[in-house]
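# Report on the structure
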Amino acid sequence: MRFGWRAMSGPVLTAAITLLAILLDRAAPLPSPAPLFVCVVAFAGALSGFASAMTSAALAVMGAALFFLGHRAMPFHAAADLVGLLAVTAFGTAGITGLMRERLLDSFAAERRNHAIAARLSAALDQVDIGIVLLDAETRAEFINRAFRDYFALPDEKADDKPPFIALMYHGRDTDAFDLPEDELGRFIAQRMEMVRTGDATPINIALRNGEVLRFVCTALPDGGRMLSYTPVTDLVRHTDAPARADYYRSLRDPTARGLIRYLRVAE
């Protein structure tokens, strides 16, 4: 047991109550201080832990025995029964409160460790150029990293408000982020929503108005959530796409293949 004020408060308070009860009992008969001793033991266990609570319980039993020896209004056998009952109650209370405090401290320590790990992971994900969005089971964004915010010009206050995925899609539409004709935006958003809902992991290239191309992948998580990744592939796509066949390559990025069908019809 560490000898700090927390550890010593329970035993000191128990000894003080014992001395005060014995002194006052000489002037006028007092009721048994046993309930007060139990409260002090519980206080010591909650404040400092198992060792302080057990020390307080031992002092409480000895103090109660001294009190009842000088308490003339109570028969000896009744006093002995009360001391025995107090011993069981006090030590039981000490054990319960001490163990509960240890468990709470362990839980708090584990929570602090998890919070520190989450903070480091969040900071690390903010350093990568891959846009990351973590959705819960209701498709609300629990985490949006810096890259995604930059790609779609998403304000921090809106990102930190845990918006649903549909709100992120509408934000991209409203800010004219997607390099798509206006009449195709509704279908595009519906397709992305369906992919997220079903957990479809098919990679999709998303062209942005500023010339960037992002490879979108939806990963289903064990808790029912989703991890969305937006990997920049602009250099890969632009360096391998022949300018004369730009429409053809755009059609390949359409998961419904409707663009490819339209392209082939035009080519014919």
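Computed from a predicted structure; not experimentally measured.

Applying the stated criterion to the full structure yields 8 salt bridges. Salt-bridge contacts for Asp160 lead to Arg149; the nearest nitrogen and oxygen are separated by 3.0 Å. You can see Asp160 sitting in the loop between α6 (156-159) and α7 (165-174) and its partner Arg149 sitting in helix α5 (residues 146-151), a full 11 residues away along the chain. With its nearest N and O atoms 3.9 Å apart, the salt bridge here joins Arg187 to Glu184. Taken together, the residues Arg187 and Glu184, both in helix α8 (residues 182-198) and 3 residues apart, mark about one turn of the helix. Because the salt bridges share partners, they merge into one network encompassing Arg146, Arg149, Asp156 and Asp160.

Moving on, we get to empty space enclosed by the protein. Applying the stated rule across the entire model yields 1 cavity of 30 Å³ or more. The space that makes up the largest cavity amounts to roughly 30 Å³. Residue lining of the largest cavity: Phe148, Phe152, Leu168, Met169, Phe178 and Tyr230, and that is the complete set. Taken together, the residues that form the lining of the largest cavity break down as 6 nonpolar, no polar and no charged.

With 4 of 5 residues buried, strand β1 (residues 131-135) is to be regarded as a mostly interior element. The pairing of β1 with strand β2 (residues 141-144) spans 3 bridges and is antiparallel. Residue pairing across strands places Val133 opposite Ile144, the latter belonging to β2. Turn length for the β1-β2 hairpin, with the two strands adjacent in sequence and antiparallel, is 5 residues, and the turn residue Thr139 shows positive phi of about 60°.

This part takes up the environment of Met54. Within the secondary structure, Met54 sits in helix α3 (residues 50-69). On the basis of relative accessibility, which here comes to 24%, the residue Met54 falls in the partly exposed class. Measuring from C-alpha to C-alpha, the distance between Met54 and Ala44 comes to 8.7 Å, with 10 residues separating the pair along the chain.

A word on the pairing of strand β5 (residues 226-232). The pairing of β1 with β5 spans 5 bridges and is classified as antiparallel. Bridging from a neighbouring strand, Leu135 pairs with Arg226 of β5. Relative to β5, strand β4 (residues 213-220) runs antiparallel, the two being bridged by 7 bridges. Residue pairing across strands places Leu214 opposite Pro232, the latter belonging to β5. In textbook terms, the turn of a hairpin is the stretch between consecutive antiparallel strands, and for β4 and β5 this stretch comprises 5 residues, one of which, Gly224, has a positive phi near 95°.

Turning next to the sheet that holds β2. An order of β2-β1-β5-β4-β3 is seen for the 5 strands of this open sheet, with the pairing classed as antiparallel. Both outer strands of the open sheet, β2 and β3 (204-207), are each paired with one neighbouring strand and no more. Across this sheet, the average inter-strand angle for adjacent strands is 20°, counted without regard to direction. Along the sheet, α8 makes contact with β1, β3, β4 and β5, crossing β4 at roughly 35°.

For the rest of this paragraph, the subject is the nonpolar core. Core analysis: the biggest nonpolar cluster contains 28 residues, and Val133, Phe152, Leu228 and Tyr230 have the highest contact counts within it. Sorting the residues of this core by element identifies β1, β2, α5, α7, α8, β3, β4 and β5 as the ones contributing at least two each. Considering every element that reaches this core, the biggest residue donor is α8, with 5 residues. Not counting the four nearest positions on each side in its chain, Tyr230 is found in contact with Asp129, Ile130, Gly131, Val133, Phe148, Tyr151, Phe152, Phe165, Ile206, Leu214, Arg215 and Phe216. Residues Val40, Phe67, Leu86 and Ala90 belong to the second largest nonpolar core, which totals 19 residues.

Another aspect to go through is a nonpolar patch on the surface. A contiguous nonpolar patch, built from Leu104, Leu105 and Phe108 and spanning about 270 Å² of accessible area, is present on the exposed surface. With respect to the element layout, Leu104 can be found in helix α4 (residues 76-125).

Its place among the elements puts Ile206 in strand β3. For the pair Ile206 and Asp179, spaced 27 residues apart in sequence, the C-alpha to C-alpha distance is 8.1 Å. Sequence-distant contacts of Ile206, that is, excluding residues within four places in its chain, are made with Phe178, Phe188, Arg192, Glu212, Val213, Leu214, Phe216 and Tyr230.

Our next topic: the confidence of the model for the protein chain. When pLDDT is averaged across the protein chain, the result is 81; 82% of the residues are at 70 or more. Residue range residues 255-268 is modelled with pLDDT below 50. Its contacts to residues more than four positions away, or to other chains, number 16 contacts.

What counts, and at which threshold
Residues numbered from 1 in each chain as written. Predicted model: local features only at pLDDT ≥ 70, side-chain atom pairs only at ≥ 80, totals over all residues. Heavy atoms only, no water. Salt bridge = Lys/Arg side-chain N within 4 Å of Asp/Glu carboxyl O. Helix = DSSP H or I, 4+ residues; strand = E, 2+ residues; numbered from the N terminus. 1 Å grid on protein atoms, 1.4 Å probe; cavity = no way out; pocket = protein on both sides within 12 Å on 5 of 7 lines; lining within 4 Å. Points joined across faces, edges and corners; volume = space filled by probe spheres on them. Nonpolar A, V, L, I, M, F, W, Y, C, P; charged D, E, K, R; others polar. Buried < 20%, exposed > 50% of the residue type's maximum accessible area, 1.4 Å probe, protein only. Pairing = 2+ DSSP bridges. Axes fitted to C-alpha atoms, helices over the stretch in contact; angles between N-to-C directions. Contact = heavy atoms within 4.5 Å. Core = buried A, V, L, I, M, F, W, Y, C linked by side-chain atoms within 4.5 Å. Patch = residues over 30% accessible without salt bridge, like charges linked within 9 Å, V, L, I, M, F, W, Y side chains within 5 Å. Areas by Shrake-Rupley, 256 points an atom, 1.4 Å probe, with all protein chains shown as cover. pLDDT = per-residue confidence, 0-100.

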